[in-house]
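# Structure assessment
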Amino acid sequence: MSKTRPEWSEEAIRHADDLLALRRDFHRHPELSHQERRTAEIIAERLHAAKLEVRTGVGGTGVVGVLHGDRPGRTVAWRADIDALPLTELLEAPFASGTPGVMHACGHDGHTAVGITLAEILAARRAELPGTAVFLFQPAEEVLGGARPMIEAGALENPHVEEIYGLHFTTQQRVGQVQVRPGPSMASADAFTVEVRGTGGHGAMPHLSIDPITAAANILLGMQSLVSREIPAQETAVLTVGQIVAGTKGNILPDRAVMRGTIRAFDAGVRDHLITRLGAFVSHVAQAYRAEAEMRLDGGSCPAVVNPAPESAFVRECASRELGDEAVTEGRVVMASDDMSLFLRERPGCYFRVGIGSASGAARPHHAPEFEMNEAGLPVGLRVGLAASWWKARRSRWATSTRSGAARWRGRSGPRAAARCSSRPTPAARPTRPASCGPRAMSSGDSTCW
Ligand code: NI
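This part is about the overall build of the chain. A count of helices and strands for the chain gives eleven helices and 16 strands. Buried residues in the chain amount to 52% of all 450 residues. For the chain, the proportion of contacts with a sequence separation of at least 24, taken over those separated by at least 6, is 82%.

Pasting the structure below:
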C-alpha cells in the first residue's frame, strides 16, 4: 500500500508477552454475560493509561475508548466481545479458569486482549495516526444481548463511527490462517419457546385429558417440514429444538409442555418466513390435538453477519500484505451467530476469522469444556487488526473508489443484503453468486460462537 507502511510484525513481537499475559489473566477470571465487571474495569484502566477518552457502563458493562490521531482521517471502530460461558474448564494450566462453572470457551479473552493491545499500540503512535480510532468492548455476545444496548446507548456516535471491524478467533483454522468472507458469513439467530397447554389427568385415562405431550411431539416432528417444504432448496435454514420440559411422572399427564429452540438462516426473507410460519404451525397442530399452543421469540436474536464487499476486500488486502496471500481465504459460512451483525447493520465493515487451531490438529471446539486456544494466533490477529485500523483510517479514497464498483453487499443493509440471495441476479450485476446462498457452501463442522 505504501513504502511507509509500519512493520506490524515487529510491533506484534514487541507486545507479544504482554498480549499473552493479558489474555491469560482474562482467561483465569472469566465472567458471564452482563457480569463482566472486572474485565470492564481492566479494559477501562488500560485505555485510561494509554490516554484514550473512555466511557464505561455503555449499554451495561460495555466500554468505549476513543483515540484521536493527530492527522486527518476517517473514524473507524474496532469491536471486541468480552464475555465467557457457563462451562467448567477441562484444561489444566496455571491460567485455567479460577471461577467454577465459568470459562472463556470461545476466545473472547483473546478478543479483549487484542483489542486493548491494538488501542495501546495505536495510542503510542498518536502523532502519526490518521483519523480517529474507536474501540468498542462489547459485553454479553454469548446471549446476543450486548450489541443492541451499546448501539442504543450511542456507542457509534460522538464521534460518529464511519466503519467497524473486528475478528473472531477460531480453532477450526490453523494459526496463521485468516478467513475474510464477503457477503453473508454467519447465520441469523432467533431463540423461541413453544408452550403447549392441555388438561392434565391420569395416564391410564387419556380420554379424560388433553395430552400436551402428544401435541408437542407432533409439533416437533412436523415443524421440520417448514424447512424442507417451504424454504427453497438453494437456501439454507436450521430449525432446532434443544429442550423439552413436561411432566413429573410416567403415569401422570401434565397440563403443559414447553419446547425451546432456535432458528438459523442467512436470508432475511427465509428468516421472516420461518418465524411467521412456525407461530401459525404450532397453533394449528395443537388444535388438531385439542390443545392450545403458542410460539414466542424470547431469547437472543440477531440478523446474519453480512460483510459488505468493499470492506471485506480491504481487510483481505491488509491480511494478505501482512501475512502473505496464501494465509488468507474466504472460508465457509457458519450457522453460528454473532451480534456483531447489529453493528454491521448500522455501519459498513468486516468481521473476519483468525486461526487458533491446535498444532497437533486435535479438535478444540468452541463452547466445549475442552476448548483450548493456540495462543500463537494472538499476534496474528493483532497484526491484521493493526493493518486494517491504520490503513482504513488513512485511505478514505481507497474505500470510495472501491465502492464505486457495483458492490453486491453494501453497508447499512445487512438483512436486506442477505435477502438478495433469494433474488435472481443478472450476470452483469452479480458475477459471482455468493456460495453462502446454497447448501453446498455449508460445513457441518464449522461453528464459532453463539
Ligand atoms: Ni464467540
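Don't stop here, the text continues.
In the sheet, strand β1 (residues 53–58) pairs with strand β2 (residues 62–68) via five bridges, with the strands oriented antiparallel. Looking at the pairing, valine 58 lines up with glycine 62 of β2. The hairpin formed by β1 and β2 contains three residues between the paired strands, and glycine 59 there has a positive phi angle of roughly 65 degrees.

What describes two packed helices is the angle between their axes and the distance between those same axes. Taken N-terminus to C-terminus, the directions of helix α5 (residues 212–230) and helix α6 (residues 268–288) make an angle of 145 degrees; their axes are 10 Å apart at the nearest point. In this structure, the crossing between α5 and α6 has a hand that is right-handed. Facing Ala215, Asn218, Ile219, Gly222, Met223, Leu226 and Glu230 of α5, the residues of α6 in contact are His273, Leu274, Arg277, Leu278, Phe281, Val282, Val285 and Ala286. By residue class, the composition of the contact of α5 with α6 is ten nonpolar, three polar and two charged.

This next bit is on the sheet that holds strand β16 (residues 349–355). Ordered in space as β1-β2-β4-β3-β5-β16-β6-β15, the eight strands form an open sheet in which the pairing is mixed. Each having just a single partner strand, β1 and β15 (328–329) make up the two edges of the open sheet.

Before going further, it helps to spend a moment on the pairing of strand β5 (residues 163–170). In terms of residue burial, β5 counts as a mostly covered element, since eight of its eight residues are buried. Two elements, β5 and β16, share seven bridges in a ladder whose sense is parallel. The residue of β16 that forms the bridge with threonine 170 is glycine 355.

Before going further, it helps to examine unusual backbone geometry. Asparagine 158 connects to proline 159 through a cis peptide bond whose omega is 5 degrees. Assignment of secondary structure puts proline 159 in the loop between α4 (147–152) and β5. Even without glycine at this site, histidine 34 takes up a positive phi of about 70 degrees. With respect to the helices and strands, the residue histidine 34 is situated in the loop between α1 (8–28) and α2 (37–49). On the basis of neighbour count, histidine 34 is assigned to the partly exposed category, with 16 C-beta atoms found within 10 Å.

Scoring rules and cut-offs
Residues numbered from 1 in each chain as written. Predicted model: local features only at pLDDT ≥ 70, side-chain atom pairs only at ≥ 80, totals over all residues. Helix = DSSP H or I, 4+ residues; strand = E, 2+ residues; numbered from the N terminus. Buried ≥ 20, exposed ≤ 12 C-beta atoms within 10 Å, placed from the backbone. Contact = placed C-beta atoms within 7 Å. Pairing = 2+ DSSP bridges. Axes fitted to C-alpha atoms, helices over the stretch in contact; angles between N-to-C directions. Left-handed = near helix turned anticlockwise from the far one by under 90°. Nonpolar A, V, L, I, M, F, W, Y, C, P; charged D, E, K, R; others polar.

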